[in-house]
Amino acid sequence: MDFALTEDQRAIEDAARAFAAAELAPHSAKWDEEKVFPVDVLRKAAELGFAGLYVREDVGGSALSRLDASIVFEQLSYGDVATAAFISIHNMASWMIDRFGSDELRHRFLPKLTTMEAIASYCLTEPGSGSDAAALKTTAALDGDHYVLNGSKAFISGAGVSDVYVVMVRTGGEGAKGVSTLVVENGTPGLSFGAQERKMGWNAQPTAQVNFDDCRVPVANRVGAEGEGFRIAMAGLDGGRINIASCSLGGAGLALDTAKAYLEQRKQFGQPLKDFQGLQWRLADMATDLDAARLMVRRAAHALDNKDPAATRYCAMAKRFATDAGFEVANQALQLHGGYGYLRDFPLERIVRDLRVHQILEGTNEIMRVITARELLKS
């Protein structure tokens, strides 16, 4: 068991860290304040291979491992959580096409997705089905060589801006076996978008409802076979959970470093805050929890890379633990700053707002417990 990164992984980590420091961190506060979706910066990230991290090379992907991707997302989110998280979603949607799509579909969409000339969104959640994803109601009725879509998707990152929507739809009966996956292109007649949501965090990426009203999508745009869509969606989420957990690690890492610097500089009662044992212990607990979370995330990534039968459980456990721990580390860092932590002059309040949603998306942390228990109790 070797916990050290390889030479290649250290190079990947250094490249992602340098990009985050140069292209993300200097603009993070402005993007949040002004709700800027930095498409130009996303395309710069794609130039480094970050838009198709585990997509195959024949369509422009980097063909890296899930562990490599986790390292990248942790470093990117140190610069800006919301932007790193969006890149992670784009990667998840692109991988679904690469892994389950036909060769024609792969070559039609992925060369532009891996450069982020085209941007992708993942569409599973609906206004009436969140955690109960298999109860989705968006229908796709077969009509010749097209499906006709009707329904809505909710809380979709990139909605209205993305060029490609990987959409889970109902082509058959009730339940998971009636779900299929389609790629819907922006500009398709019958595709429309709701107003932008007013959110607590993740302001550097757009979020809205996606609506389908007799939206005709070619059968050739189906990913996998009919009835395989739920399995494809869940496969995407195993990796997505590692990605979002990694983004929590990066945001919490910035919060921890900011708190450490503050304790070293700030004085109260005639001495630096770093000399108070109670605050030392709190900082030690924050560092310990963050390190434990990182180990769980990387173990889950290793399991997914190696097709471990327990990978789904490890991904759920890591997502639950890392996103809870990441939020708590950021919240404690804010508390250590006192009133200053509540001000936008410091990054803490933004990190807390951005990390909070990680406990909800890619499957709520309550559902992560359900998955973990289900896997443990399999007979």
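Scroll up to find the structure this text is about.
Residues numbered from 1 in each chain as written. Predicted model: local features only at pLDDT ≥ 70, side-chain atom pairs only at ≥ 80, totals over all residues. Heavy atoms only, no water.

## A word on the overall build of the protein
In terms of regular secondary structure, the protein is built from eleven helices and ten strands. Taken over the C-alpha trace, the protein has a radius of gyration of 21 Å; the compact-globule value for 379 residues is 21 Å, and the two agree within 12%. Projecting the C-alpha coordinates of the protein onto the three principal axes gives extents of approximately 80 × 50 × 40 Å. Counting the 379 residues in the protein, one finds 54% classified as buried. If you sum the accessible surface of the protein, you get close to 16,400 Å²; carbon and sulfur atoms cover 53% of it. Of the charged side chains in the protein, 41 are positive and 49 negative; the average position of the first set lies 4 Å away from that of the second. (Helix = DSSP H or I, 4+ residues; strand = E, 2+ residues; numbered from the N terminus. Rg over C-alpha atoms; globule rule 2.2 N^0.38 Å. Buried < 20%, exposed > 50% of the residue type's maximum accessible area, 1.4 Å probe, protein only. Areas by Shrake-Rupley, 256 points an atom, 1.4 Å probe, with all protein chains shown as cover. Lys, Arg positive; Asp, Glu negative; His and termini not counted. Charge placed at Lys NZ, Arg CZ, Asp CG, Glu CD.)

## Quick notes on empty space enclosed by the protein
In this structure the tally under the stated criterion is one cavity of 30 Å³ or more. Ser28, Ser77, Tyr78, Gly79, Asp80, Val81, Leu254, Arg350, Ile351 and Asp354 are the residues that line the largest cavity. When residues of the lining of the largest cavity are traced back to their parent elements, those giving at least two are helix 4 (66-79) and helix 10 (348-356). For the lining of the largest cavity, the class distribution of residues is four nonpolar, three polar and three charged. (1 Å grid on protein atoms, 1.4 Å probe; cavity = no way out; pocket = protein on both sides within 12 Å on 5 of 7 lines; lining within 4 Å. Points joined across faces, edges and corners; volume = space filled by probe spheres on them. Nonpolar A, V, L, I, M, F, W, Y, C, P; charged D, E, K, R; others polar.)

## Things to note about the packing of helix 5 (residues 81-100) against helix 6 (residues 103-113)
At a minimum axis separation of 9 Å, helix 5 and helix 6 run at an interaxial angle of 155°. Between helix 5 and helix 6, the crossing angle belongs to the class labelled roughly antiparallel. Relative to helix 6, the crossing made by helix 5 is left-handed. The residues of helix 6 that touch helix 5, namely those facing His90, Ser94, Ile97 and Asp98, are Leu105, Arg106, Leu110 and Leu113. For the contact of helix 5 with helix 6, a count of residues per class yields four nonpolar, two polar and two charged. (Axes fitted to C-alpha atoms, helices over the stretch in contact; angles between N-to-C directions. Parallel < 35°, antiparallel > 145°, perpendicular 65-115°, else oblique. Left-handed = near helix turned anticlockwise from the far one by under 90°. Contact = heavy atoms within 4.5 Å.)

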